[in-house]
Amino acid sequence: MDKSYEILSTNSNYAVIGMTDDQKKFSYRIYTLLKNKGKITRGIHHRLTEVEGERIYNSIEAIEDPIDVAVFVVNPTIGINYLEPIKAKGISTIWLQPGTVSDELVAKANDLGLNVVEDCVLATYARNESK
């Protein structure tokens, strides 16, 4: 079992930052997959309030539930603004999807003591559950 898959297997509460209602987009697919795997999953988007009857939050601070892992599906120039609120909420792990990574974001996350995973949620499940 690889380290990324271990994180997916051992954590139950997720926030997907950059949620969308477009079923073709990665954030929607990741959100749906995590829910189908039995994970408590919350979507975050600055304008959406609901996707398929599920509440979508406008910030990490608005989520009342504990979150174990924050999955980034946003440009790193947006994602970097989530790091301090994530740390303040007590979230210890951020998951950076391909395209969400920048040196500046990773350096700031490391400075804040966050565990940084750079991988694709969809690919991690696929490569570990097809064995």
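Below is a summary of the structure that appears in this document. (Residues numbered from 1 in each chain as written. Predicted model: local features only at pLDDT ≥ 70, side-chain atom pairs only at ≥ 80, totals over all residues. Heavy atoms only, no water.)

Put simply, side chains in a regular strand alternate between the two faces of the sheet. The alternating pattern of strand β6 (residues 93–96) places T93 and W95 on one face and I94 and L96 on the opposite face, and all of these are buried. Pairing geometry for strand β5 (residues 69–72) and β6, over 4 bridges, is parallel. Within β6, the residue paired with F72 across the bridge is L96. Two elements, β6 and strand β7 (residues 115–118), share 4 bridges in a ladder whose sense is parallel. Each bridged residue has a counterpart across the sheet, and for T93 the counterpart in β7 is N115. Taken together, β6, helix α5 (residues 103–111) and β7 constitute a β-α-β crossover, and its handedness is right-handed. (Buried < 20%, exposed > 50% of the residue type's maximum accessible area, 1.4 Å probe, protein only. Helix = DSSP H or I, 4+ residues; strand = E, 2+ residues; numbered from the N terminus. Pairing = 2+ DSSP bridges. Right-handed = clockwise from strand over helix to strand, strands pointing away.)

Here we come to the nonpolar core. Counting residues in hydrophobic clusters, the biggest one holds 22 residues, and the most contacted among them are L8, I30, L34, V71, W95, V121 and Y125. Put simply, the parts of the chain that give this core at least two residues each are α1 (3–10), β1 (13–17), α2 (26–36), β5 and α6 (121–129). Considering each element in turn, this core owes the most residues, 5 residues, to α2. Sequence-distant contacts of Y125, that is, excluding residues within four places in its chain, are made with Y5, L8, L33, L34, K37 and K39. If you look at the next biggest cluster of nonpolar residues, it comprises 21 residues, including A15, I67, V74 and I94. (Core = buried A, V, L, I, M, F, W, Y, C linked by side-chain atoms within 4.5 Å. Contact = heavy atoms within 4.5 Å.)

β1 sits mainly inside the fold: 5 of its 5 residues count as buried. Here β1 shows two buried faces, one formed by N13, A15 and I17 and the other by Y14 and V16. Bridging between β1 and strand β2 (residues 40–44) involves 5 bridges; their strand directions are parallel. The residue bridging V16 from the neighbouring strand is G43, located in β2. Pairing between β1 and β5: 4 bridges, direction parallel. By the bridge assignment for β5, I17 is matched with F72.

Within the structure shown, the criterion is met by 1 aromatic pair. When the ring of Y5 is compared with that of Y125, the centres are 5.9 Å apart and the planes differ by 90 degrees; the resulting orientation is edge-to-face. Pair noted here: Y5 is in helix α1 and Y125 is in helix α6, with a separation of 120 residues, a long-range link. For Y125, a relative accessible area of 6% translates into the label buried. Directly above the aromatic system of Y125 lies the positively charged group of K37, at a separation of 4.9 Å from the ring centroid. (Phe/Tyr/Trp six-rings, centres within 6.5 Å; stacked < 30°, edge-to-face > 60°. Lys NZ or Arg CZ within 6 Å of the ring centre and 35° of its normal.)

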